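# Examining the three-dimensional arrangement
Here's the letter readout for the chains.
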Amino acid sequence: MESSPESYQVFRCRLCGAPVTETFVNLGMSPLCESFIAEDGVDAMESYYPLHALVCGKCFLVQLREYVTPDDIFREYAYFSSYSSSWVAHAKDYCVDIAKRLSLGRDSLVIELASNDGYLLQHFPPLDIPCLGIEPAINVAKVAIDKGIPTITEFFGVALARKLVAEGKSADLVVGNNVLAQVPDLNDFVAGIAIVLKPEGVATLEFPHLERLIDENQFDTIYHEHFSYFSFTTIQILARRHGLKVVDVEELPTHGGSLRVHFARQGSQRTATEAVAALLARENAAGFSELGFYTGFGDKVQKTKRGILRCLSDIKDAGGRICGYGAPGKGNTLLNYCGIGPDFLDFTVDRNPYKHGRYTPGMRIPIFPVEKIDAVKPDYLFILPWNLKTEIMHQMSHIADWGGKFIVPIPSTQIVDPKKVQS
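From a predicted model like this one, the values you see are computed outputs, not experimental measurements. (Residues numbered from 1 in each chain as written. Predicted model: local features only at pLDDT ≥ 70, side-chain atom pairs only at ≥ 80, totals over all residues. Heavy atoms only, no water.)

The side chains of a regular strand alternate between both faces of the sheet. The pairing of strand β9 (residues 171–177) with strand β10 (residues 197–208) spans six bridges and is classified as parallel. When the bridges of β10 are listed, Gly 176 appears paired with Leu 205. The parallel pair β9 and β10, bridged by helix α5 (residues 186–196), forms a crossover whose chirality is right-handed. (Pairing = 2+ DSSP bridges. Helix = DSSP H or I, 4+ residues; strand = E, 2+ residues; numbered from the N terminus. Right-handed = clockwise from strand over helix to strand, strands pointing away.)

Below, the structure is given as structure tokens:
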């Protein structure tokens with residue numbers, strides 16, 4: 001396993017404090033994945049940072065160094081959750097299910113951390129359940145506030161948790177979907193959850209599962225906005241450190257394969273389901289508690305890069321026209337690591353109007369509304385948010401009318417005929 005260069009100042013694990021020196025995968029230099037470029041900034045310089053993921057030999061947390069602060073990244077953010085129909089549906093199903101499971105009602109309080117544009121909390125008021133969002137991105141939080149969802153525009157941690165409790169706002173349920181990876185100070189964040197929870201309250205955190213990232217070669221889910229990447233093994237260590245216990249775990253298909261982990265206070269009467277022991281045993285058998293297990297992922301990523309570039313080069317050499325679909329954060333990791341620019345993709349499209357007229361960071365690929373696809377009729381659509389490939393291929397299956405096909409890059413390059421999707 002490759003060690004970090006000696007010139008790197010050894011940094012300490014953001015969870016356990018041990019020195020971290022071993023490489024998980026090195027994706028080279030990359031700009032911030034959500035820093036989309038406005039028209040007047042196309043010729044300006046752009047900051048690049050190492051995208052070098054390391055693994056702690058003590059708690060096995062896979063992590064990036066903190067090159068930029070959350071304040072730099074998240075005070076104005078380009079990601080709005082509501083632009084994915086399937087994600088909103090996923091959130092609604094969760095709200096209905098968890099409300100029944102925890103017997104939530106008008107005397108309860110749900111607090112969501114990183115509540116984004118209200119995509120999830122909007123489903124609680126119709127159930128007559130009070131809720132509160134915490135979202136530091138002011139431009140995104142405004143959308144939720146305009147929907148009538150109470151939202152605090154601050155970063156969550158111990159200080160805010162204590163303030164909320166002092167105001168009488170302890171939570172029956174704390175929700176955190178795809179935020180844990182984006183927190184550089186893990187201990188402050190999780191300690192805050194323990195503080196704001198009622199004695200028998202529950203916190204559920206969803207995050208991409210490191211097992212799936214490794215097994216399915218999802219290297220593009222690594223980017224600077226994601227400071228950490230979690231196995232269930234490491235999550236157990238994190239919980240114990242802050243007086244919490246894991247009482248349930250669900251494996252979800254979202255974001256290429258995620259976990260939804262249910263936490264309670266150590267003193268809670270809640271007990272762990274069989275799923276907890278089963279997943280721990282599976283990870284232990286796979287080797288997640290052995291540093292050598294993490295060896296070799298970088299080689300697999302390099303092989304995937306070569307496969308993607310071969311596919312695109314063959315299409316271009318044959319005179320084919322390729323356009324992108326989507327402008328997600330993960331897509332920018334893939335584009336920059338593979339060196340895929342306008343020489344391969346004429347443009348990309350996105351449902352989020354915030355990104356229209358802008359360019360992808362680093363590679364400077366122009367972003368247009370989805371309607372651009374029908375106007376241009378490209379030979380291939382390169383699906384960047386591959387975790388939504390089923391939704392996208394059904395939405396865009398009409399490209400079969402002009403003989404268009406889809407390219408799905410992860411876990412390995414695949415060309416899909418829309419006629420098969422239609423059938």
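This chain's UniProt record puts "domain: C-methyltransferase" (unreviewed entry) on residues 253–411. In this annotation, residues 253–411 is assigned 36% helix and 15% strand; the end-to-end C-alpha distance for the span is 15 Å. (UniProt positions renumbered as here; feature names shortened; annotations may be inferred.)

What follows concerns the packing of aromatic side chains. Going through the model one piece at a time under the given rule, you end up with eleven aromatic pairs. Arranged with centres 5.5 Å apart and planes meeting at 65°, the rings of Phe 219 and Tyr 337 form a pair that is edge-to-face. Note that Phe 219 is positioned in the loop between α6 (210–215) and β11 (228–229) and Tyr 337 in helix α10 (residues 329–338), a separation of 118 residues in sequence. Taking relative accessible area as the criterion, Phe 219 reaches 0% and is therefore assigned buried. Residue Tyr 337 is classed as buried on the basis of its relative accessible area of 13%. Note on Phe 288 and Tyr 294: the rings are 6.3 Å apart at their centroids and 85° apart in plane angle, and the pair reads as edge-to-face. Accessibility assignment for this pair places Phe 288 and Tyr 294 in one class, buried. Members of the aromatic cluster, each reached through a chain of ring pairs, are Phe 24, Phe 60, Phe 288, Phe 293, Tyr 294 and Phe 297. Taking NZ or CZ as reference, Arg 358 lies 4.5 Å from the ring centre of Tyr 354, over its face. The ring of Phe 347 has Lys 372 sitting right over it, with the charged end atom 5.6 Å from the ring centre. (Phe/Tyr/Trp six-rings, centres within 6.5 Å; stacked < 30°, edge-to-face > 60°. Buried < 20%, exposed > 50% of the residue type's maximum accessible area, 1.4 Å probe, protein only. Lys NZ or Arg CZ within 6 Å of the ring centre and 35° of its normal.)

Turning our eyes to something else, we now look at the sheet that holds strand β5 (residues 62–63). What the four strands build is an open sheet, ordered β3-β4-β5-β11; its pairing is antiparallel. Two strands bound the open sheet, and with one partner strand each, they are β3 (22–30) and β11. Judged from the two bridges that link them, strand β4 (residues 49–55) and β5 form a sheet pairing that is antiparallel. Each bridged residue has a counterpart across the sheet, and for Leu 54 the counterpart in β5 is Gln 63.

It is worth spelling out empty space enclosed by the protein at this point. Space left empty within the atom packing is revealed by a probe, the size of a water molecule, rolled over the atoms. One pass over the full model with this rule turns up one cavity of 30 Å³ or more. Taken as a whole, the largest cavity holds about 70 Å³ of empty space. Along the walls of the largest cavity sit Ala 181, Pro 208, His 209, Leu 210, Leu 213, Thr 221, His 226, Ser 228, Tyr 229 and Phe 230, which together make up its complete lining. For the lining of the largest cavity, the elements supplying multiple residues, two or more each, are α6 and β11. Here the lining of the largest cavity is composed, by residue class, of six nonpolar, four polar and no charged. (1 Å grid on protein atoms, 1.4 Å probe; cavity = no way out; pocket = protein on both sides within 12 Å on 5 of 7 lines; lining within 4 Å. Points joined across faces, edges and corners; volume = space filled by probe spheres on them. Nonpolar A, V, L, I, M, F, W, Y, C, P; charged D, E, K, R; others polar.)

Here we come to the packing of helix α4 (residues 158–166) against α5. The angle between the axes and the distance between the axes are what describe a pair of packed helices. In contact at an axis separation of 8 Å, α4 and α5 are set at 15° when each is read in the N-to-C sense. Our classification of the angle between α4 and α5 gives roughly parallel. Helix-helix and strand crossings are classified by hand; for α4 and α5 the assignment is right-handed. Each of Val 158, Ala 161, Arg 162, Leu 164 and Val 165 in α4 lies in contact with α5, whose residues at this interface are Asp 188, Ala 191, Gly 192, Ile 195 and Val 196. Taken together, the residues of the contact of α4 with α5 break down into seven nonpolar, one polar and two charged. (Axes fitted to C-alpha atoms, helices over the stretch in contact; angles between N-to-C directions. Parallel < 35°, antiparallel > 145°, perpendicular 65-115°, else oblique. Left-handed = near helix turned anticlockwise from the far one by under 90°. Contact = heavy atoms within 4.5 Å.)

So, about the pattern of salt bridges. Tallied over the entire structure, the rule returns 15 salt bridges. In this structure, the salt-bridge partner of Arg 106 is Asp 128, at a minimum N-O distance of 2.9 Å. With Arg 106 in the loop between α2 (85–101) and β6 (110–113) and Asp 128 in the loop between β6 and β7 (131–134), this pair connects stretches of sequence that are 22 residues apart. Put simply, Asp 346 and Arg 321 hold a salt bridge, and the shortest N to O gap is 2.3 Å. With Asp 346 in the loop between α10 and β15 (348–349) and Arg 321 in the loop between α9 (297–317) and β14 (322–325), this pair connects stretches of sequence that are 25 residues apart. A single salt-bridge network, built from bridges that share partners, covers Glu 206, Glu 250 and Arg 260. (Salt bridge = Lys/Arg side-chain N within 4 Å of Asp/Glu carboxyl O.)

As a further point, take the pairing of strand β18 (residues 405–408). Where strand β17 (residues 380–383) and β18 come together, three bridges link them in parallel fashion. Paired with Tyr 380 across the strands is Lys 405, a residue of β18. Between the parallel elements β17 and β18, the chain passes through helix α12 (residues 389–395) in a crossover that is right-handed. In terms of strand pairing, β18 meets strand β19 (residues 414–416) through three bridges, oriented antiparallel. For Ile 407, the partnering residue across the bridge sits in β19 and is Ile 415.

What follows is about the sheet that holds strand β16 (residues 367–368). With respect to topology, six strands assemble into an open sheet ordered β16-β15-β14-β17-β18-β19, the strand pairing being mixed. Each of the sheet's edge strands pairs with one partner strand only, and the pair in question is β16 and β19. Taken together, the two bridges between β15 and β16 define a ladder with parallel strand orientation. Paired with Thr 348 across the strands is Ile 367, a residue of β16.

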